[in-house]
There are 2 protein chains.
Amino acid sequence: MLSEQIKVVLTEDEMPRQWYNLAADFKKPMLPPLDISGKPIGPDALSAVFPMNLIEQEVSTERWIDIPEEILGYLKLWRPAPLYRARRLEKALGTPARIYYKNEGVSPAGSHKPNTAIAQAWYNKQFGIKKLTTETGAGQWGSALSFACSLVGLECKVYMVRISFDQKPFRKIMMETWGGTCVASPSTETEIGRKILAEDPDTPGSLGIAISEAIEECVRSDDTRYALGSVLNHVMLHQTVIGLEAQQQMKKIGEYPDIIIGCAGGGSNFAGIAFPFINDRMNGRDIRIIATEPEACPTLTRAKFRYDSGDVAMMTPLLPMYSLGHTFVPPPLHAGGLRYHGMAPMVSHALREGHIEAASIGQMECYEAAVLFARTEGFIPAPETAHAIAEAVREAGKATEEGKERVILFNWSGHGLMDLKGYQAYFNGDLGNYPLPDELLQKSEICMQGLPIPG
Amino acid sequence: MLSEQIKVVLTEDEMPRQWYNLAADFKKPMLPPLDISGKPIGPDALSAVFPMNLIEQEVSTERWIDIPEEILGYLKLWRPAPLYRARRLEKALGTPARIYYKNEGVSPAGSHKPNTAIAQAWYNKQFGIKKLTTETGAGQWGSALSFACSLVGLECKVYMVRISFDQKPFRKIMMETWGGTCVASPSTETEIGRKILAEDPDTPGSLGIAISEAIEECVRSDDTRYALGSVLNHVMLHQTVIGLEAQQQMKKIGEYPDIIIGCAGGGSNFAGIAFPFINDRMNGRDIRIIATEPEACPTLTRAKFRYDSGDVAMMTPLLPMYSLGHTFVPPPLHAGGLRYHGMAPMVSHALREGHIEAASIGQMECYEAAVLFARTEGFIPAPETAHAIAEAVREAGKATEEGKERVILFNWSGHGLMDLKGYQAYFNGDLGNYPLPDELLQKSEICMQGLPIPG
């Protein structure tokens with residue numbers, strides 16, 4: 001036996017065979033999505049955009065949903081993902097806490113996103129769909145969906161926000177290597193794109209515009225559907241393999257976490273690690289579960305719970321969620337995946353019901369933690385992941401102060417090899433924290449007036 | 001039991017505890033290195049550049065050398081590396097061959113290079129050394145050594161060829177994230193660098209110049225040594241964990257390869273997968289072992305075996321190896337790690353003794369295979385790795401023609417996420433094959449005159 005085991009690996013036979021659906025266990029049910037007039041919308045209203053098998057998952061309250069064997073076959077490419085004990089980080093921190101992280105950076109696209117990209121591509125294929133459209137900001141989701149479509153056998157069209165398209169040319173090449181098509185948004189390929197370009201040919205684009213283009217292309221054609229990488233219930237569901245594996249891995253080494261941490265943008269990687277543990281907590285486990293977000297985009301910590309649209313152009317239904325307002329434009333953080341105005345309704349509901357906590361962290365503290373992690377644990381984290389690391393470092397510090405042998409588990413959602421510019425800016429002293437001024441928050445409040453607020 | 005297992009994983013307990021030294025099993029011993037006057041050099045002559053514990057490994061003929069427990073502790077971060085069955089690639093090729101690949105891209109630096117970087121850093125640290133210097137071309141080795149020095153606790157200084165330094169800024173950021181220092185070579189930090197800059201301020205630099213600078217800084221200081229990422233015997237030794245793990249993994253699933261393939265630049269990843277299987281072959285196994293190199297840099301397939309220097313400035317000893325001549329400048333292939341004029345003396349000797357075969361492949365065929373691999377197996381390969389994939393595809397094709405159920409194993413030496421520009425050039429139709437014209441080969445012959453040729 002090698003001293004100091006650091007990885008807990010599972011075999012393919014030990015993969016979870018079912019996704020866990022937290023919706024089954026909420027005492028108070030979630031509020032329904034609404035149309036723009038404020039009426040609850042049914043499954044049919046979504047059928048032009050999503051295939052019915054995914055819509056069924058979106059509205060399901062079944063506790064366990066079988067993972068089809070073929071999806072498991074694809075996930076096996078990188079799953080089960082290893083669980084690590086961060087022994088060198090612990091030593092550098094001088095903490096009595098035992099720190100564990102689940103490494104989701106081992107997927108071909110480098111993050112947790114393929115967990116749902118594979119599932120969505122497969123269900124669309126089953127439904128007879130030939131092509132998926134989507135939007136991407138920094139490029140993580142567009143890469144993951146291109147990868148998934150390549151394996152499953154679908155066409156993939158990604159509208160990438162123009163400023164990111166220009167700044168991050170390598171993401172586009174990744175997508176093309178997997179056979180996806182990536183165009184800068186606004187593009188000349190949609191009516192809305194042409195309209196916006198006519199008004200402002202030099203626009204940097206926005207996620208809202210890109211969503212509008214992807215949906216426009218999708219509804220134009222019967223065998224095309226749209227895919228979203230976070231926020232929706234079925235996306236949270238697909239990510240629960242992360243936490244289900246982590247539970248098994250912890251059990252294997254006779255450990256159980258006192259604190260579970262994930263960074264939160266739209267909510268999907270957080271949900272992945274957290275939801276199975278929320279179930280344990282409902283069953284009496286004394287644990288804390290923390291969602292960590294940027295100070296610059298404090299959806300869970302400073303925004304209100306309300307009905308809001310998922311995109312700027314209000315093409316999505318109104319969703320019950322914590323939101324900074326759908327017109328909110330966050331500062332230019334490097335953690336592009338955390339620059340989202342809203343939060344997944346399931347994660348929002350879990351916070352309202354008291355199952356989880358939320359914390360916000362400044363960009364500088366995140367990069368400090370990320371560099372410490374890289375220099376002790378070796379793997380270079382994505383800037384989003386750095387928010388989970390920074391929170392783990394904070395909690396380890398508290399354990400040190402209190403002299404407690406606490407067990408901390410966090411989700412290492414992805415590697416930073418495609419995001420090294422942020423590290424360069426950090427080393428050059430060019431980074432800021434971008435705390436959100438009150439007046440910006442109030443502005444985002446104002447823009448929400450007129451939308452129905454749930455009681 | 002999940003149908004169609006695709007990964008074979010080992011636990012940390014199953015890691016190899018000893019490196020395999022092929023030098024113990026060569027029937028005809030290898031020729032010694034020579035000094036510039038043609039005299040064999042002893043271990044002491046290397047002591048200004050390498051620590052004595054590594055020099056001992058360099059000259060050792062012990063068959064098995066224990067891997068220190070602390071080195072295993074570092075390697076566990078990503079080892080044992082998974083062995084994959086490439087089922088989707090097989091299906092796309094319609095071959096009866098079963099294709100396996102060893103995924104060395106799972107290391108924090110993304111390639112096999114950390115296997116020796118960790119070992120070299122650790123032995124230097126044990127010897128009381130404070131700082132390592134090295135050169136890097138495309139950046140793989142400089143990244144790996146920075147990573148290793150960060151974990152082990154050494155300073156690291158990397159001289160990066162200026163043209164690569166300018167073209168690949170992300171490699172420099174990777175090194176800095178791990179705490180390494182990376183300067184463009186020629187630099188103003190060495191005499192030779194200043195001299196070259198005075199003569200030609202706009203020089204793009206070369207690997208030869210970078211080696212000269214790294215060695216100059218190293219010999220200037222008692223507690224600084226130099227580290228090389230390939231070519232030398234101790235580097236080959238450290239890489240044998242790859243093949244030793246693969247042997248165990250194959251055994252676990254009741255398989256044994258008929259053909260073993262690795263790409264070869266300096267020779268280290270090829271040696272890693274191949275040497276333990278050469279041992280099996282010496283013991284009667286009927287297998288073929290193939291080193292694959294670029295048509296544009298055909299060291300094993302078209303160059304002569306001779307004594308040659310490892311660098312342009314002839315600062316290294318003369319090594320007995322296949323070489324295109326130390327002044328040979330290969331065409332601008334994207335597989336930067338395979339643009340080396342020589343070949344590791346151990347690999348060269350293995351070819352002369354008939355234990356291995358060599359093949360060369362054009363750049364276009366490699367990218368074609370790499371894209372097919374990415375779209376079936378998901379992982380995007382490095383351009384160097386693409387040479388091993390292309391050879392596996394060729395051999396699978398032969399198996400199809402002959403209707404044989406052949407088992408093919410190749411080393412997937414690293415991922416291509418830092419090398420996406422080559423894919424872009426491929427998709428844009430901007431790539432060529434660069435077959436080496438005879439006159440260039442003859443020119444490299446001429447420049448070798450005057451050096452002693454082994455009988």
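Cut-offs applied
Residues numbered from 1 in each chain as written. Chains lettered and ligands numbered in written order. Predicted model: local features only at pLDDT ≥ 70, side-chain atom pairs only at ≥ 80, totals over all residues. Heavy atoms only, no water. Least-squares fit on C-alpha atoms with pLDDT ≥ 70 in both. Contact = heavy atoms within 4.5 Å. Domains from an automatic or database assignment. Buried area = accessible area lost by both parts, 1.4 Å probe. Salt bridge = Lys/Arg side-chain N within 4 Å of Asp/Glu carboxyl O. Polar contact = N/O pair within 3.5 Å; in protein donor to acceptor, adjacent residues only side chain to side chain. Helix = DSSP H or I, 4+ residues; strand = E, 2+ residues; numbered from the N terminus. Pairing = 2+ DSSP bridges. Buried < 20%, exposed > 50% of the residue type's maximum accessible area, 1.4 Å probe, protein only. Right-handed = clockwise from strand over helix to strand, strands pointing away. Expected span 1.5 Å × (residues − 1).

Student: How should I be thinking about the relation of the copies chain A and chain B in this particular structure?
Tutor: Note on the chain copies: they are related by a rotation about an axis and a translation along it. For the match of chain A to chain B, the screw axis carries a shift of 0.0 Å, the RMSD comes to 0.0 Å, and the turn is 180°. Look at the turn and shift together and you get a two-fold axis relating the two. Interface overlap between copies is the fraction of interface residues in one copy that are interface residues in the other; for chain A against chain B it reaches 100%, indicating a shared surface.

Student: Just to check I follow, could you spell out the domain arrangement of chain A for this structure?
Tutor: Reports of interface size often rely on the accessible area that becomes lost once the parts have come together. Residue and element names in this part refer to chain A. What the domain assignment lists for chain A is domain 1 (2-14 + 67-110 + 234-448) and domain 2 (112-231). Measuring from the centre of the C-alpha atoms in domain 1 to the corresponding centre in domain 2 gives 24 Å. Between domain 1 and domain 2, the residue contacts involve 38 residues of the former and 30 residues of the latter. Roughly 2,900 Å² of surface becomes buried between domain 1 and domain 2 when both sides are summed, with 65% attributable to carbon and sulfur atoms. Interface area lost by domain 1 to domain 2 is led by Tyr-74, Ala-109 and Met-418, which between them contribute 21%. Note that Lys-168 is salt-bridged to Asp-419, the shortest N-O span being 3.3 Å. Across the contact surface, domain 1 and domain 2 share 11 residue pairs in polar contact (both at pLDDT 80 or more). Looking at the side of domain 1 that touches domain 2, the elements with two or more residues in it are helix H2 (69-75), helix H10 (233-239), helix H11 (241-252) and helix H12 (268-282). Broken down by element, the side of domain 1 that touches domain 2 gets its largest block of residues, 5 residues, from H10.

Student: What am I meant to see in the sheet that holds strand S5 (residues 98-103) of chain B here?
Tutor: Hydrogen bonds between backbone atoms are what pair the strands of a sheet, whose relative direction is either parallel or antiparallel. All names here are of chain B. Reading across the sheet, the 7 strands line up as S1-S4-S5-S15-S10-S11-S14 and stay open at both edges, with mixed pairing between neighbours. Of all strands in the sheet, those bounded by a partner on one side alone are strand S1 (7-8) and strand S14 (357-361). Bridging between strand S11 (residues 288-294) and S14 involves 5 bridges; their strand directions are parallel. Residue pairing in the sheet places Pro-294 in a bridge with Ile-361 of S14.

Student: So what exactly am I meant to see when it comes to the pairing of S11 of chain B here?
Tutor: Moving residue by residue along a regular strand, the side chains alternate between the two faces of the sheet. Residue and element names in this part refer to chain B. Burial runs high along S11: 6 of the 7 residues are buried. Pairing geometry for strand S10 (residues 259-263) and S11, over 5 bridges, is parallel. Residue pairing for S11: Gly-262 is matched across the bridge by Ala-291. Handedness of the crossover is the feature at issue here: the chain leaves S10, passes through helix H12 (residues 268-282), returns alongside S11, and the resulting connection is right-handed.

Student: Hey, could you run me through helix H5 (residues 140-152) of chain A in this one?
Tutor: The α-helix advances 3.6 residues per turn, and as a result positions three or four apart in sequence lie on the same side. Residue and element names in this part refer to chain A. Helix length check: H5, at 13 residues, gives a terminal C-alpha distance of 18 Å against a target of 18 Å (1.5 Å per residue), a fit within 8%. Most of H5 is tucked away, with 13 of its 13 residues classed as buried. At the C-terminal side of H5, Gly-153 shows a positive phi close to 95°.

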